[in-house]
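Letter by letter, the chains look like this.
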Amino acid sequence: MPDGPGGASDPRKTMLLPQRRPGGGPILDIADSFVRYWYFHLPNFVLAALMYTMLGRFLLGLFVDADSPNYIWRFFCRFTDPVLSAIATVTPKAVPPAIVWLFGFVWMFWLRIVFHYTLLVLNLAPRLAGGGS
């Protein structure tokens, strides 16, 4: 007797069941990964947002005056000024502000790399599921 609607082979029903990989273990979905590894994802997201906002500030600074009323420019400045003030303390005073923004981008990039590597060494970082894990 073939399966009708609601039977075991019904695609609507199998979408509700937990998905399994060929070896039998469950597939890690995005929501489960975020909840389980929040200590990795949240700082990584904040550092990435700062990093790309500094890059955006540099690129927008090529076209906009420093005291521009543009709301995007003001957001970039408000969001990155606290971090840039810390970076400016270790940067020579002769460096123009635009270069400090680029230094900020590079510092945030390397901070993300060190953060990820530290969690990998401590075996706390999320790993890709596959043959070796």
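Residues numbered from 1 in each chain as written. Predicted model: local features only at pLDDT ≥ 70, side-chain atom pairs only at ≥ 80, totals over all residues. Heavy atoms only, no water.

Colleague: A description of the side chain of Thr 53 should follow, citing residues and the corresponding values.
Modeller: Among the secondary structure elements, Thr 53 is positioned in helix 3 (residues 38–61). For Thr 53, a relative accessible area of 9% puts it in the buried group. Ignoring sequence-local partners within four residues, the contact set of Thr 53 consists of Phe 76, Phe 79 and Thr 80. (Helix = DSSP H or I, 4+ residues; strand = E, 2+ residues; numbered from the N terminus. Buried < 20%, exposed > 50% of the residue type's maximum accessible area, 1.4 Å probe, protein only. Contact = heavy atoms within 4.5 Å.)

Colleague: Please provide a residue-by-residue account of the pattern of salt bridges, values included.
Modeller: Oppositely charged side chains may form a pair once their charged atoms are brought near each other. The tally for this structure, following the rule as stated, stands at one salt bridge. The partner of Asp 81 in a salt bridge is Arg 57, with the nearest N and O atoms 2.8 Å apart. You can see Asp 81 sitting in helix 4 (residues 71–89) and its partner Arg 57 sitting in helix 3, a full 24 residues away along the chain. (Salt bridge = Lys/Arg side-chain N within 4 Å of Asp/Glu carboxyl O.)

Colleague: Explain the packing of aromatic side chains to me, and be specific about the residues and the numbers.
Modeller: In this structure the tally under the stated criterion is eight aromatic pairs. Considering the side-chain rings of Trp 38 and Tyr 39, the 6.0 Å spacing of their centres and the 85° angle between planes classify their relative orientation as edge-to-face. With a relative accessible area of 25%, Tyr 39 lands in the partly exposed category. On the numbers, 6.2 Å between centres and 10° between planes, the contact of Phe 40 with Phe 115 is stacked. Here Phe 40, found in helix 3, pairs with Phe 115, found in helix 5 (residues 97–121); they are 75 residues apart in sequence, far enough to count as distant. A relative accessible area of 9% places Phe 40 in the buried class. The ring centre of Trp 73 lies 5.7 Å from the NZ or CZ of Arg 57, which sits over that ring. (Phe/Tyr/Trp six-rings, centres within 6.5 Å; stacked < 30°, edge-to-face > 60°. Lys NZ or Arg CZ within 6 Å of the ring centre and 35° of its normal.)

Colleague: Pulling in residues and values, what's your account of the side chain of Ser 68?
Modeller: Tracing the sequence through the fold places Ser 68 in the loop between helix 3 and helix 4. A distance of 3.2 Å separates the side chain of Ser 68 from the backbone nitrogen of Asn 70, its partner in a polar contact. Leave out the neighbours within four places in its chain, and Ser 68 touches Trp 73 and Arg 74. (Polar contact = N/O pair within 3.5 Å; in protein donor to acceptor, adjacent residues only side chain to side chain.)

Colleague: Describe the packing of helix 3 against helix 4, naming the residues involved and giving the relevant values.
Modeller: It is at 9 Å that the axes of helix 3 and helix 4 come closest, and there the two elements cross at 115°. Along this stretch, helix 3 crosses helix 4, giving a crossing that reads as left-handed. Contacts between helix 3 and helix 4 involve Ala 49, Leu 50, Thr 53, Met 54, Gly 56, Arg 57, Leu 60 and Gly 61 on the former and, on the latter, Ile 72, Trp 73, Phe 76, Cys 77, Phe 79, Thr 80, Asp 81, Val 83, Leu 84 and Ile 87. Here the contact of helix 3 with helix 4 is built from residues that sort into 12 nonpolar, four polar and two charged. (Axes fitted to C-alpha atoms, helices over the stretch in contact; angles between N-to-C directions. Left-handed = near helix turned anticlockwise from the far one by under 90°. Nonpolar A, V, L, I, M, F, W, Y, C, P; charged D, E, K, R; others polar.)

Colleague: Can you lay out helix 5 for me, pointing to particular residues and giving the numbers?
Modeller: Compared with the 36 Å implied by 1.5 Å per residue over 25 residues, the 36 Å span of helix 5 between its first and last C-alpha is a close match. Of all the residues in helix 5, the buried ones are Val 100, Trp 101, Gly 104, Phe 105, Met 108 and Leu 119. In this fold, the buried residues of helix 5 make contact with helix 3 and helix 4. Just past helix 5, the residue Asn 123 takes up positive phi, approximately 60°. (Expected span 1.5 Å × (residues − 1).)

Colleague: Describe the nonpolar core, with residues and values.
Modeller: By size, the foremost hydrophobic cluster in this structure holds 15 residues, and its most contacted members are Met 54, Val 83, Leu 84, Ile 87 and Met 108. For this core, the secondary structure elements donating two or more residues are helix 3, helix 4 and helix 5. Ignoring any residue separated from it by four or fewer positions in sequence, one finds Leu 84 in contact with Met 54, Arg 57, Val 100, Trp 101 and Gly 104. (Core = buried A, V, L, I, M, F, W, Y, C linked by side-chain atoms within 4.5 Å.)

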